[in-house]
Amino acid sequence: MEVSKIRNIAIIAHVDHGKTTLVDKLLHAGHLFKDHEHPGELIMDSNDLERERGITILAKNVSVRYKDYKINVIDTPGHSDFGGEVERVLNMADGCLLLVDAFEGPMPQTRFVLQKALQLGLKPIVVINKVDKKNCTPDEVHEQVFELMFALDASEDQLNFPTFYGSAKQGWMSKDWKTPTTDINALIEGVIEHIPAPKVSEGPTQLMITSLEYSSYIGRVAIGRIQRGSIKTGQFVVLVKRDTGAIVKTRVKEIYVFEGFEKKKMEEVKAGEICALVGLEGFEIGDTVADVDKPEALKSIAIDEPTMSMLFTINTSPFYGKEGKFVTSRHIKERLDKELEKNLALRVGDTGSADSFMVFGRGVLHLSVLIETMRREGYELQIGQPQVIIKEIDGVKCEPIEELTIDLPENVAGKAIETVSMRKGEMKNMEPKGDRMILKFEMPARGIIGLRNYLMNVTAGEAVVTHRFKDYQPYKGEIPGRINGSLISMEVGEAIPYSLHNLQDRGKFFIDPSEPIYAGQVIGEHSRSGDLVINVTKTKKLTNMRASGADEKMRIAPAVKFSLEEALEYIQSDEYVEVTPKSIRLRKIFLDENDRKRERNKAVGANA
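Residues numbered from 1 in each chain as written. Predicted model: local features only at pLDDT ≥ 70, side-chain atom pairs only at ≥ 80, totals over all residues. Heavy atoms only, no water.

Turning our attention to helix 10 (residues 413-422). Residues A413, A416, T419 and V420 constitute the buried set of helix 10. Taken end-on, helix 10 shows its buried residues confined to a sector of 130°, consistent with a single buried face. Buried residues along helix 10 sit in contact with strand 24 (396-409), strand 26 (436-444) and helix 12 (451-458). Backbone geometry just downstream of helix 10 places K424 in the positive-phi region, at approximately 70°. (Buried < 20%, exposed > 50% of the residue type's maximum accessible area, 1.4 Å probe, protein only. Helix = DSSP H or I, 4+ residues; strand = E, 2+ residues; numbered from the N terminus. Arc of directions from axis to C-beta. Contact = heavy atoms within 4.5 Å.)

Residues D139, E140, E143, E147 and D176 make up a contiguous surface patch of negative charge. Positionally, E147 belongs in helix 5 (residues 138-151). (Patch = residues over 30% accessible without salt bridge, like charges linked within 9 Å, V, L, I, M, F, W, Y side chains within 5 Å. Areas by Shrake-Rupley, 256 points an atom, 1.4 Å probe, with all protein chains shown as cover. Salt bridge = Lys/Arg side-chain N within 4 Å of Asp/Glu carboxyl O. Lys, Arg positive; Asp, Glu negative; His and termini not counted. Charge placed at Lys NZ, Arg CZ, Asp CG, Glu CD.)

At 3.6 residues per turn, the α-helix brings residues three or four places apart onto the same side. With 14 residues, helix 5 extends 20 Å from end C-alpha to end C-alpha; this agrees with the ideal 20 Å at 1.5 Å per step. Considered for burial, the residues of helix 5 that qualify are P138, V141, V145, L148 and M149. Relative to the axis of helix 5, the buried residues are bounded by an arc of 95° and lie together on one face. Pointing more than 90 degrees away from the buried face of helix 5 are the exposed residues E147 and F150. The positive-phi residue at the C-terminal boundary of helix 5 is D153, with phi of around 60°. (Expected span 1.5 Å × (residues − 1).)

Per the counting criterion, the structure on display carries 33 salt bridges. Between E575 and K588 there is a salt bridge whose closest N-O contact spans 2.9 Å. Linking E575 in strand 34 (residues 575-579) with K588 in strand 35 (residues 584-588), this pair joins segments that are 13 residues apart in sequence. We classify E575 as buried; its relative accessible area is 0%. For K588, a relative accessible area of 0% corresponds to the buried category. Here K597 and E593 are joined by a salt bridge, their closest N and O atoms 3.8 Å apart. In this pair, K597 and E593 are both assigned in helix 15 (residues 593-607), four residues apart and thus about one turn of the helix distant. Overall, E593 belongs to the partly exposed group, its relative accessible area being 25%. The network of salt bridges with shared partners includes D531, D574, E575 and K588.

Let us now look at the environment of T373. Following the sequence through the fold, T373 ends up in helix 9 (residues 364-376). The exposure class assigned to T373 is partly exposed, which follows from its relative accessible area of 25%.

A few words on the environment of M358. Note on placement: M358 falls in strand 20 (residues 356-361). When sequence neighbours within four positions are dropped, the list of residues in contact with M358 reads S309, M310, L311, R347, V348, G349 and T351.

Put into structure tokens, the structure is as follows:
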């Protein structure tokens, strides 16, 4: 393939602005499917978790043929927790499609990825999507995008971006939103016209490994874009390591390029093309594949540091091993090591104990996706309360600060402002949009843990909360935690409806009638502060006398069920979330009441 006929583009968008739908339409426009094939929707989000949550987690490559051009499309995640994915895949692109919702406009996380793309000098094309929505304002959104790019220090050339309007769902794109077309060819032609062909410099082979795949047949596959030179099947190359600069000789057994969804085997691939290499040994993401005689490393990718940590430990509850296949610390360690190979923003630290590991990531969502994936693979583990990473900068204790945007109905804005202020948030901006209010704050990352849950309750599920990491600032002081205590089970057994009914005035329950429970499990939230140990395994004492009307009807309120993120944000420092393939339970770290008292007394003594 001639270099001048190749276009490498990354697609950038906020969560739920229609990016994956647009990729679907591009694939159809490239006639990738035969007439009898109906691949369905969200073709690129192949992972179950991605489909369920409606978010892109892993960056993926696919190519589309249009006339005699080949367009390599890189689908990037929209959430800043997966920024580690974004930073490295943008290195493969020459331009980007910035997709923006015609009603919502640019959102905080679009800003995060766009900033990375502009710093790399990528040429943007703006696509204003969902112009079929009621009350949408495409022209205003166009202005907002221009202002955003200007604020992000875009160059003159980048600010001179072409704009396309349309509806990915209805499958059309046009230069004017008032005149719909019947297909998205206008956009594809815009990509060919405005996105530059790959720049190729003369010299020996160079390729930066920017992502990897794993296949049980051929092992690990390195993916990257050839910056210069070419790579042939069977060629000897060297790996220049990202961290040490060490040089390791190895051989490329096979080389593939992306053709639609498939990979097509090639004898030789030239600079400018994105390819997959099989047979390299011991490579990591960020290593450079270079020429044997003249090994030169490419500038390595800077990845933002993690801002949050969680303790992963083996499951020690009385129910361990009942639902999962992998329960030992060896299993958990091997799984985390495997994850480290491809998840660049993740770190694993030592805790001094063989049974537990400190795992560092970009945020609660980043780590909970890993935990959710592990439980689906059959792992059982326990997770401690999320903690933010505190750093010392020039002798000052500093903590991560996030930019927080809350979009909610106007009548509940006061409650949100009050809550965020209590959590040391500072209001930066407040603007009405229709009958809703957009609030912008800067607040410590600690304060965001558990905030979404609370705002959802206060606004009856109406609030849209987004946040992105800004920088480290001096520590803002203590933040009040959860006020209500926990209801803790006293006995092992089954929850009896009679007991649940009688104890309902004590708080809200997290368990259903007849659910198996164990001593020390957190089975509800106390209606007051302080923990309360209760026995819900007691049955009614039966007598041989029956009074009419003595058996009143039992009405038990439905149990509160947490998702994994909600559970992680809910627990306190003396609690764990127990995760198994079938259940998510909350428990105290010390299951025995006497052990808990001893720990409390120790803590009081230490503080005195």
